[in-house]
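Fold and contact review
Okay, here's what each chain looks like letter by letter:
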Amino acid sequence: MTSAIVDRDVYIVECVRTPIGRGYNNGMLHSIQPVDLLAMTLDELMKRSGVDKGLVEDIIGGVVSPVKEQGANIPRFAALKAGFPRHVPAVQLNRMCGSGQQAIHFAAQAIAAGDIDVAIGCGVEMMSIVPMASDWQMDNSDFVKGFDFKVLHQGVSAEMIAEKYKLTRDELDQFSGRSHELCDRAAKAGYFKSQIMPIKVGDKVFDQDEGTRVPVDYAKMKKLKTPFKEGGLITAANASQISDGASAVLLCSGRKLKQLGLKPRAKIITCVVVGSDPEYMLLGPIPATQKALKNTGMTANQIDVFEINEAFASVVLSWVKELKIDMSKVNPNGGAIAHGHPLGATGAILMTKMVNELERTGQRYGLQTMCIGFGQATATIIENCSYKPQPRL
C-alpha cells in the first residue's frame, strides 16, 4: 500500500469485464440477453472479490439505450438473477457514453458521503439487440427545435473537431491502426486474461475481444467512405465499433475494507463531470481532464496511464494536442476503435483495463476520460494501491 487505509476514502476492491463482442447478429454475444450478460458479470465480480453479495448496498448500472430488452431497470433484474438478496437495490442511469463511468462515480460518491460502505458501478450494452439511438427523437422536428445550437450527429461533430485541430486523414487512420496493433499485442501477451471472464457460447468459449483486426490494412482504410461529410475525414475505420459487452466494479469504504480484511486494488482520487459545447460535443474530455487535475493539484506529467475513450480518432488526437499529453501513456493496450464500444459498459471496461494496467506495470496514477454526446464528459483519477516507490539511486 502507498498509504494507510482511510475510513471514508473509496477503494476499488475488484473489477471484471466480458470479452467485447461485435454488435451484430453474427457477433459472439448476440445470443445472450442483456440482463443475463450483466447477471453473469455481477456474479463473477462477487466470486472474485470473496465479498458476500448481501453486503452490497447499491448497484448502479449504465445503459445508454434503456428500452425494450435494456429497459425496466435491468441492473435490478440482473442482480436478482445473479443471486443477490432481495434487499440489495439497483438502478440504471443514462449519461450516454459516460454511463458506465458515471455509475462508478455515483457509487464512489455515495460511499465518500458516508451513506453506504459497499457498492457496485457497472454497465451493459447489447447493441446487436437494442440498436444505438433506439430511445432518441432526433428525427422528431418538434423535439429538436428551439435550441440555441444545432442538434448534430456525433460524426458531424467529429468532422468539425478534425478540422478545428487541423488533423489529417492519415493521422486519424494511423492512430486507428495503432489501436488495433496495441490491442492485438496486449491480447497475445495475455494482458487481458485476468480481467476478462470467459463466457461459454454454445460449444465455444469466448474469451477475447472480437473486434481487433490485424494486420492493419491501411490501403483499404484510405478507400473507405466518409459518411458525415463529402470528402471528409471520419470513416468506419477511425471511429469506435458497434459492440456488445458488460463490466462491473466493486467499491468499498476504507472502514469496510478494514472490517472485512480486504485488500484494495486502487483508490479513487477524484471523480468529475463537465458540460461542454453541444456542437463541438466531443471536446469535453479536455475540460474534464483539466478539472480532474486541478482537483488533485496534479499535472498531466504525473499521470502514468491515460484511458480515453476512442469514440473517434479525432477526439483523442485533439485532446492530446490541446493538453500536450505524452502519447506513449495513452491507451497503451488499444481502445474502442479496436476492441469496440458497448456504450453503457465502456466506462466500467476502461476502468477495469486501467486498474489492471497500473498493476501490471507497477505504475501509480491513472486518468480515465470519456466524451459524451451533446457536450459532456467524465473523468476519474485513481491510484494503484500496490504501487511501490522506486528507491532513489
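Worth saying up front: this structure is predicted, and the values here are computed from it rather than measured. (Residues numbered from 1 in each chain as written. Predicted model: local features only at pLDDT ≥ 70, side-chain atom pairs only at ≥ 80, totals over all residues. Heavy atoms only, no water.)

1. Focus on helix α6 (residues 169-189)
- The end-to-end C-alpha distance of α6, which contains 21 residues, comes to 30 Å, matching closely the 30 Å that a straight helix rising 1.5 Å per residue would cover.
- One or two residues past the end of α6 sits Gly-190, with phi positive at roughly 85°. (Helix = DSSP H or I, 4+ residues; strand = E, 2+ residues; numbered from the N terminus. Expected span 1.5 Å × (residues − 1).)

2. A closer look at the nonpolar core
- In terms of nonpolar packing, the biggest core is built from 44 residues, with Leu-282, Ile-303, Phe-306, Phe-312, Trp-319, Ile-325 and Val-330 touching the most fellow members.
- At the level of secondary structure, the elements contributing two or more residues to this core comprise α5 (154-164), α6, β9 (266-275), α9 (285-296), β10 (305-308), α10 (313-323), β11 (365-372) and β12 (376-384).
- If you tally residues by element for this core, the top one is α10, at seven residues.
- Beyond its immediate sequence surroundings of up to four residues, Ile-303 is in contact with Leu-293, Met-298, Lys-329, Tyr-365, Gly-366, Leu-367 and Ile-381.
- With 41 residues, the next largest nonpolar core counts Ile-59, Ile-74, Val-88 and Met-126 among its residues. (Core = buried A, V, L, I, M, F, W, Y, C linked by side-chain atoms within 4.5 Å. Buried < 20%, exposed > 50% of the residue type's maximum accessible area, 1.4 Å probe, protein only. Contact = heavy atoms within 4.5 Å.)

3. What about the side chain of Asn-238?
- Here Asn-238 is to be found in the loop between α7 (218-222) and β8 (243-253).
- Within the structure, the side chain of Asn-238 is placed 3.1 Å from the side chain of Asp-173, a separation counted as a polar contact.
- A distance of 3.0 Å separates the side chain of Asn-238 from the backbone oxygen of Leu-233, its partner in a polar contact.
- The residues contacting Asn-238, other than those within four sequence positions of it, are Arg-169, Leu-172, Asp-173, Ser-176, Leu-233, Phe-312, Ala-313 and Ile-337. (Polar contact = N/O pair within 3.5 Å; in protein donor to acceptor, adjacent residues only side chain to side chain.)

4. A closer look at the packing of α9 against α10
- As a packed pair, α9 and α10 sit with axes 9 Å apart at the nearest point and diverge in direction by 45°. Viewed along their axes, α9 and α10 adopt a mutual orientation that is oblique. With respect to the hand of their crossing, α9 and α10 are arranged in right-handed fashion. Contact residues: Pro-285, Ile-286, Thr-289 and Gln-290 in α9; Val-315, Ser-318, Trp-319, Glu-322 and Leu-323 in α10.
- Grouping the amino acids of the contact of α9 with α10 by side-chain chemistry returns five nonpolar, three polar and one charged. (Axes fitted to C-alpha atoms, helices over the stretch in contact; angles between N-to-C directions. Parallel < 35°, antiparallel > 145°, perpendicular 65-115°, else oblique. Left-handed = near helix turned anticlockwise from the far one by under 90°. Nonpolar A, V, L, I, M, F, W, Y, C, P; charged D, E, K, R; others polar.)

5. Re the pairing of β10
- Burial along β10 is two-sided: the face carrying Val-305 and Glu-307 and the face carrying Phe-306 and Ile-308 are both buried.
- Pairing between β10 and β11: four bridges, direction parallel. Considered in β11, the bridge of Val-305 is made with Gly-366. (Pairing = 2+ DSSP bridges.)

6. Brief notes about the state of the cysteines
- The final tally for this structure, using the stated rule, is zero disulfides.
- Free of any disulfide, Cys-183 has its nearest cysteine sulfur in Cys-15, 17 Å distant.
- A relative accessible area of 1% means that Cys-183 is categorised as buried. (Disulfide = S-S within 2.5 Å.)

7. Some remarks on the side chain of Ser-318
- Structurally, the position occupied by Ser-318 is in helix α10.
- What makes Ser-318 buried here is its relative accessible area of 1%.
- At 3.0 Å, the side chain of Ser-318 and the backbone oxygen of Val-315 are in polar contact.
- Not counting chain neighbours up to four residues away, the residues in contact with Ser-318 comprise Ile-161, Tyr-165, Leu-167, Leu-283 and Ile-286.

8. A closer look at the environment of Leu-282
- Checked against the element boundaries, Leu-282 lands in the loop between β9 and α9.
- Residues Leu-282 and Leu-358 lie 76 residues apart in sequence; the distance between their C-alpha atoms is 26 Å.
- Apart from the residues within four sequence positions on either side, Leu-282 is in contact with Gln-154, Ser-157, Ala-158, Ile-161, Phe-312, Val-315, Cys-371 and Ile-372.

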